[in-house]
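What the coordinates show
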Amino acid sequence: MATFSLYMFNLIPHPRSSSASSNPNAKIGRRRSSRRTSGFAVLSAHSNPRIVKSNRRSRYGQVLSPYDTEDNAENEDGDWFFDKMSIQAEDSETEESDADRKKFKSQKGNDTIQGNQRQLGEDQSMRSVKSEGSFKFSKGDLDVKTGKNAIGSSYYTFNKSEDYDSLEMDGRGKLQARKSTKNKYCRLSEEIDLDEKWFPLLDYLSTFGLKESHFIQMYERHMPSLHINASSAQERLEYLSSVGVKHRDIKRIILRQPQILEYTVENNLKSHVAFLLGLGIPESRIGHVIAAAPSLFSYSVENSLKPTVRYLIEEVGIMKNDLGKVVQLSPQILVQRIDISWSARYSFLSRELGAPRDSIVKMVTKHPQLLHYSIEDGLLPRINFLRSIGMRNSDILKVLKNLTQVLSLSLEDNLKPKYMYLVNELRNEVQSLTKYPMYLSLSLDQRIRPRHRFLVSLKKAPKGPFPLSSFVPTDECFCQQWAGTSLDSYLAFRQRLLLKDFAKKYEKQR
């Protein structure tokens, strides 16, 4: 009985032996018959020859196989014997003798018997195929399409020495063919030394959206990750999913840290997850932390991660109860050289702003990403901008203690436009930012400008400096407390304003 084959294990076609060419039964024409029959269709990626009628016969009455093969491109009927005799007749230009005709008739009779036996065996093979759930095809990738009756240019056989792809029954009892792995990863095989043993793993990882270009990245980043058994990889990725890693994040994790496929559940993954839970991180946030810093699994819990936590508590001064929140805000803090980053930024803020230690600790606790920002390209330019608009060091420190993420905002696209709107449209002084530093974190297009223009249109905008406190509450509270209108009215106004502003920007770009 034919067995089900999911992956090809031999990608190199077996060369046709010289003895095969001498076998007359092997010389059947390549040309595809134009005849059509009913039944299922099996298409090859290389050609589209068709199944011909099973009662075809040669000119001499010989029963022909219903399957076209690839050897002879000239003989449509596949009558190898007739072609051979014709060639001999043309060369010798002699007539057949009586002895020759007797020999021919004897040969024709033997061939007819052999052809009938071969046809009977093939018909039985086809009947057994219909009764089984799957079978193997040789030489190539086969695909099944409804409505066309064709078989691939390579005739099928059950010879186990050939390259196999697989067919399977779908839910309605129809044949479905899996795409040839050889063709599926053709680009990958051109780029790297592709091992056929990797195919099950590649097929599984493809379910997460990884493509051939991603496999090349994995190969270049960490080639041994492609040597992992597919079932082992599935066990590990399913465990990550069980602790909250989203399916859409698996792809990004594998590309950033392909070594994660090598980490065993019992000896690595579980111990690291237990470590994160021990820091006070809720179970619902474990997946977020892993997706943000998958490299943490490559660090020893005892020799690396725990010493980092001790440094944050003992040297930086972060409270133990705040550790879980700090790691959730910046999981990368566990895998960076925290001693170097902390020392450099603590020294800079102390020297530049005269910030006391407890203020800097408060800033790190609120916004631990501060430890990742470049001093020359990140911290210093933003501090200098706040100075340029009239803030003193004490004002800047007050803003940073309440809204440390100001140091992450773009100067050209965020801080400068908001400052210009503050002084030109809202008629406020820069000192108002020390009382409402949140203003700098709000969206100019989605909140600040729409609320201001809405109150102006209702003639409810106060005279003098516009109150920055009106930007703090939610849209619903703003409508109730400041506008005195329905939420729908405000949202419709905001939508019209956004479309109008978009049209203006589009006109400028033309």
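A brief look at the structure comes next. All figures in this text were calculated on a predicted structure; none of them were measured in a lab.

A few words now on the overall build of the chain. The secondary structure content of the chain amounts to 22 helices and five strands. Taking all contacts inside the chain whose residues are at least 6 apart in sequence as the whole, residues at least 24 apart take part in 70%.

What follows concerns the nonpolar core. It is characteristic of soluble globular proteins that their nonpolar side chains tend to be buried jointly. One finds I290, L334 and Y439 to be the most contacted residues of the largest nonpolar core, which totals 109 residues. Sequence-distant contacts of I290, defined by excluding residues within four places in its chain, comprise L240, V243, V245, I253, V273, L276 and F297.

With that settled, consider the packing of helix 9 (residues 247-256) against helix 11 (residues 283-292). Running from N to C, helix 9 and helix 11 cross one another at 35°; their axes reach a closest spacing of 9 Å. Of the residues in helix 11, those in contact with D249, R252, I253 and R256 of helix 9 are I290, A291 and A292. By residue class, the composition of the contact of helix 9 with helix 11 is four nonpolar, no polar and three charged.

This part is about the side chain of T308. Note that T308 resides in helix 12 (residues 301-316). Those residues in contact with T308 that lie beyond four places of it in its chain are I333, L334 and I338.

Moving on to a positive patch on the surface. Together, R453, K500, K504 and K508 line one region of the surface with positive charge. Per element, the largest residue contribution to the positive patch is three residues, and it comes from helix 22 (residues 487-509). Relative to the elements of secondary structure, K504 occurs in helix 22.

So, on to the pattern of salt bridges. Applying the stated criterion across every chain yields a total of ten salt bridges. Two residues, R494 and D475, come together in a salt bridge whose shortest N-O distance is 3.4 Å. With R494 in helix 22 and D475 in helix 21 (residues 475-483), the pair connects residues that are 19 residues apart, well separated along the chain. As far as the burial class goes, R494 and D475 line up, both buried. Taken together, the shared-partner salt bridges in this structure form one network comprising R451, D475 and R494.

Scoring rules and cut-offs
Residues numbered from 1 in each chain as written. Predicted model: local features only at pLDDT ≥ 70, side-chain atom pairs only at ≥ 80, totals over all residues. Heavy atoms only, no water. Helix = DSSP H or I, 4+ residues; strand = E, 2+ residues; numbered from the N terminus. Contact = heavy atoms within 4.5 Å. Core = buried A, V, L, I, M, F, W, Y, C linked by side-chain atoms within 4.5 Å. Buried < 20%, exposed > 50% of the residue type's maximum accessible area, 1.4 Å probe, protein only. Axes fitted to C-alpha atoms, helices over the stretch in contact; angles between N-to-C directions. Nonpolar A, V, L, I, M, F, W, Y, C, P; charged D, E, K, R; others polar. Patch = residues over 30% accessible without salt bridge, like charges linked within 9 Å, V, L, I, M, F, W, Y side chains within 5 Å. Areas by Shrake-Rupley, 256 points an atom, 1.4 Å probe, with all protein chains shown as cover. Salt bridge = Lys/Arg side-chain N within 4 Å of Asp/Glu carboxyl O. Lys, Arg positive; Asp, Glu negative; His and termini not counted. Charge placed at Lys NZ, Arg CZ, Asp CG, Glu CD.

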